[in-house]
Amino acid sequence: MSYDDTDISDDGSTEKSAISRRGTLGLLGTGLGGLVTGTASASQGNGNNGKQPWYDWSADVDANQHAVSNLGSLSMSAGDAPITELAGSNLSVTDGTLNADSCAPGSIHVVTEYPGETLDQKVENVLKALPGGEDIPNQQPGHRIVIPAPDPDDPAAADGLPAWRVESPMVIANNTGKLVFDMGWTLIYATDTIESFFVIGPDEKTENITLNGGMFYAKENLERSFVDIQGVGHMHVSRMYLQNLEGRNTVPAGIRLADYHGSSELTVLDTEVTGCRDGLLAKPGSDDIPYGPAFDLDIYNWRGGGGEHSIRIDGGATINLDSIQCGGHPLQSVSESIVKLENSNTAVRKISIQNVRERHNAMGYHSGVAVADVTDGEGDRHDGVYIQNVDCYNAEVGTDLEYVRHFDQQNVRPRPVVADDAAGSTRWFDDGTERHQTHDSHAFHAGGGDEASFVIGGDDVRVPGDGNGAVLTTPDGSAQYRVRVDNEGDLVTEQVEASGGDRSGVVDSFEDGNLSEYDGATDAYVANGEPPVDDGESSLKNTSGGTAIITSTSGLPRYPQAGDTFAAAAARTATNSNLGIAFGVQDAQNLYFARVYPEGSSDRLQLYKRVGGEYTQLAKSSLSVETGVLYDFVVNWASLGDIDVELRDPDGNAVASVTASDETFEDGGIGVRSTGVLDNVRIL
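Reference entry: report on the structure contained in this document.

With respect to the overall build of the protein
And then number 1: Within the protein one finds two helices and 52 strands.
And then number 2: For the protein, the residues scored as buried account for 45% of the 684 residues in total.
And then number 3: Counted over contacts in the protein with a minimum sequence separation of 6, partners at least 24 positions apart contribute 63%.
And then number 4: Of the roughly 32400 Å² of accessible surface on the protein, a fraction of 43% belongs to carbon and sulfur atoms.

Some thoughts on the nonpolar core
And then number 1: Core analysis: the largest hydrophobic core is formed by 79 residues, its most contacted members being Phe 181, Phe 198, Phe 226, Ile 313 and Leu 321.
And then number 2: The element best represented in this core is strand β11 (residues 179-190), accounting for five residues.
And then number 3: Counting 43 residues, the second largest nonpolar core, distinct from the first, contains Tyr 525, Leu 579, Phe 633 and Val 681.

Here's the deal with the pattern of salt bridges
And then number 1: By the definition in use, this model includes 18 salt bridges.
And then number 2: Two residues, Arg 239 and Asp 270, come together in a salt bridge whose shortest N-O distance is 3.9 Å. With Arg 239 in the loop between β15 (232-238) and β16 (241-244) and Asp 270 in strand β18 (residues 264-274), the pair connects residues that are 31 residues apart, well separated along the chain.
And then number 3: Among the ionic pairs, Glu 342 bridges to Arg 312, the shortest N-O distance being 3.2 Å. Of this pair, Glu 342 sits in strand β23 (residues 334-342) while Arg 312 sits in strand β21 (residues 307-314); the two residues are 30 residues apart in sequence, bridging distant segments of the chain.

Re the sheet that holds strand β39 (residues 519-520)
And then number 1: Pairing in this open sheet of seven strands is antiparallel, and the strands run β39-β42-β51-β44-β45-β46-β47 from one edge to the other. Only two strands of the sheet have a single neighbouring strand rather than two, namely β39 and β47 (614-623).
And then number 2: Where strand β44 (residues 579-587) and strand β51 (residues 669-672) come together, three bridges link them in antiparallel fashion. By the bridge assignment for β51, Val 585 is matched with Gly 669.

Details of unusual backbone geometry
A negative phi holds for most residues other than glycine; trans holds for most peptide bonds.
And then number 1: With omega at 0 degrees, the peptide bond leading from Arg 413 into Pro 414 counts as cis.
And then number 2: Checked against the element boundaries, Pro 414 lands in the loop between β28 (404-413) and β29 (417-418).
And then number 3: The omega torsion across Pro 531 and Pro 532 is 5 degrees, close enough to zero to call that bond cis.
And then number 4: Tracing the sequence through the fold places Pro 532 in the loop between β40 (525-528) and β41 (539-542).

Comments concerning the packing of aromatic side chains
And then number 1: Taken as a whole, this structure holds 15 aromatic pairs when the rule is applied.
And then number 2: Ring geometry for Tyr 592 against Trp 637: centres 6.1 Å apart, planes inclined by 85 degrees, an arrangement best described as edge-to-face. Linking Tyr 592 in strand β45 (residues 590-599) with Trp 637 in strand β48 (residues 631-637), this pair joins segments that are 45 residues apart in sequence. The pair formed by Tyr 592 and Trp 637 is uniform in burial state, with each residue classed as buried.
And then number 3: Taken together, Phe 181, Phe 197, Phe 198, Phe 216 and Phe 226 form an aromatic cluster joined through their ring pairs.
And then number 4: Over the ring of Tyr 597 we find Arg 595; its NZ or CZ atom is 4.2 Å from the centre of that ring.

As for the environment of Glu 614
And then number 1: Tracing the backbone shows Glu 614 in strand β47.
And then number 2: Along the backbone, Glu 614 and Asn 590 are 24 residues apart, and their C-alpha atoms lie at a distance of 8.5 Å.

Overview of the state of the cysteines
Each disulfide consists of a covalent bond between the sulfur atoms of two cysteine residues.
And then number 1: Tallied over the entire structure, the rule returns zero disulfides.
And then number 2: Of the cysteine sulfurs around Cys 326, a residue in no disulfide, the closest is that of Cys 392, at 6.9 Å.
And then number 3: By relative accessible area, Cys 326 is classed as buried at 0%.

Cut-offs used in this document
- Residues numbered from 1 in each chain as written.
- Predicted model: local features only at pLDDT ≥ 70, side-chain atom pairs only at ≥ 80, totals over all residues.
- Heavy atoms only, no water.
- Helix = DSSP H or I, 4+ residues; strand = E, 2+ residues; numbered from the N terminus.
- Buried < 20%, exposed > 50% of the residue type's maximum accessible area, 1.4 Å probe, protein only.
- Contact = heavy atoms within 4.5 Å.
- Areas by Shrake-Rupley, 256 points an atom, 1.4 Å probe, with all protein chains shown as cover.
- Core = buried A, V, L, I, M, F, W, Y, C linked by side-chain atoms within 4.5 Å.
- Salt bridge = Lys/Arg side-chain N within 4 Å of Asp/Glu carboxyl O.
- Pairing = 2+ DSSP bridges.
- Phe/Tyr/Trp six-rings, centres within 6.5 Å; stacked < 30°, edge-to-face > 60°.
- Lys NZ or Arg CZ within 6 Å of the ring centre and 35° of its normal.
- Disulfide = S-S within 2.5 Å.

Coordinates in, geometry out; function isn't part of it.
Have a look at this one:
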């Protein structure tokens, strides 16, 4: 489509067009209700080839919502007859006037289309007009109430401004369907003393309510809160601006969650509150609510202040608070805590609080997060409080915790305060140093199993596990030694390979002279200094001459497991011709063992497993050993199930070896089934 801003008349003169291009397009625009878009054509009829004041259109025209004004007539291309009928479900002609009815769905309600001298009256009339739903007790679900800015001349407008007047609460009750309020950035004023702007679920639990947008203003004339929630399930509040314009602490709460009917699953997003004692207050409305008022409460990107607390929660469970901030102006700052948890009826359980901050110019106040007991020790204890990233420069303390168990907090500034009746862990920054403090005790776990590897208590440091100890490094860094105590209380020092987390070290060298760590036929053995001895001054010897199973699964400093290579010195004696070692011991009926067993005129190196008392030979090899000589069984117990057993002579030469693959046991104790001598069992 082309156009020109001038018209060349028959006499050659040039003049400005009487109708602009935009105005001409407007002939088909929102002057017809904003709904007429179609194919339009016109001919100049005077030989000017479509130049102004006429256009030659041969395409669809969209007026882009521009208005039609001063329209003289509308005619069809067939002739100049006036229009008396126009097709369209929402179009009609009455006395020469073209009318366009709204095409909005019946589920969308614009309050300007409803009667009322105030906004609350208009909303009340909208709610009354909602149709009933089939097979549900209350209104039909899925309706949207739109609150645009009013015309300043509307009787419900505030003082001639484009803002609404509210003189009574807008009550949402007995509605089990989804109901959405869309308010954009519409200004809404409390022009009389009222309880609240919105009251949700005063009679029974209301379901699925969304409040989206709106800038609400009060002047010390709200008796309870801007939004008062008394019983709701699945509610969303987003992008609301709730401002008390005069004085700190002069409105009790921005949003009050006072649970009378079992509220749950409230989500608040991108919302700001000023001039209220509590920006958000969750408090019990009834003693019959088991979980507390804040049940499944989620608040994200919240700024609130103007009183004592930004958020105060008196009981609840499964709560998430993220990006919580107080402002710098007196109407946006707090005097006590940004977040406070209380327990007047029920405690707070399972709450995550993170990213709590202040504006740089905030007023002085007590703490970023406070967890308090308001029952003098008579109420429930808070349980499961997890705090992260609290940075409150103008606060006296970062956090103030009491009467809570199972808490963890980290990245806190300034220094936190934790009472003696609180149990948990804290990491905070103090003069550039990160400090870590546990309240009660701190247990470190490494590897599998339930038992702690290292425990720091209030009065001592413990290494749990019978016979365990600490590994210390020499000043020159050339060696590491394990320091532990034996059963007599004497210190034992044994060298280990300096390899950080290496498991290497002695399992048992029988230096204590007793078998207190073993179960089974211990009467058939003795630990003494008679030869042969491989390490130290003592070794284990069989005195019965027959099969005698003894096992140890606890009490020794370490035990081999899959992934380790370990060794044990063993010998044949005149009393017992077998030599060997058991490992992976679960009990006397379930274990692996490697042994040398005399068979005819030679010997055999054998690898067995025993499961439920039944023996299975996994591998064997022929060899010959001497009596009274210590041989090393070297076992490479791979983590993927391969087991390699090599027998070495006193010079370290391999005499024989066997290999098998089995994953029946992956860890366990040690022991012997029958051996002449056993000594120096160690993980390499």
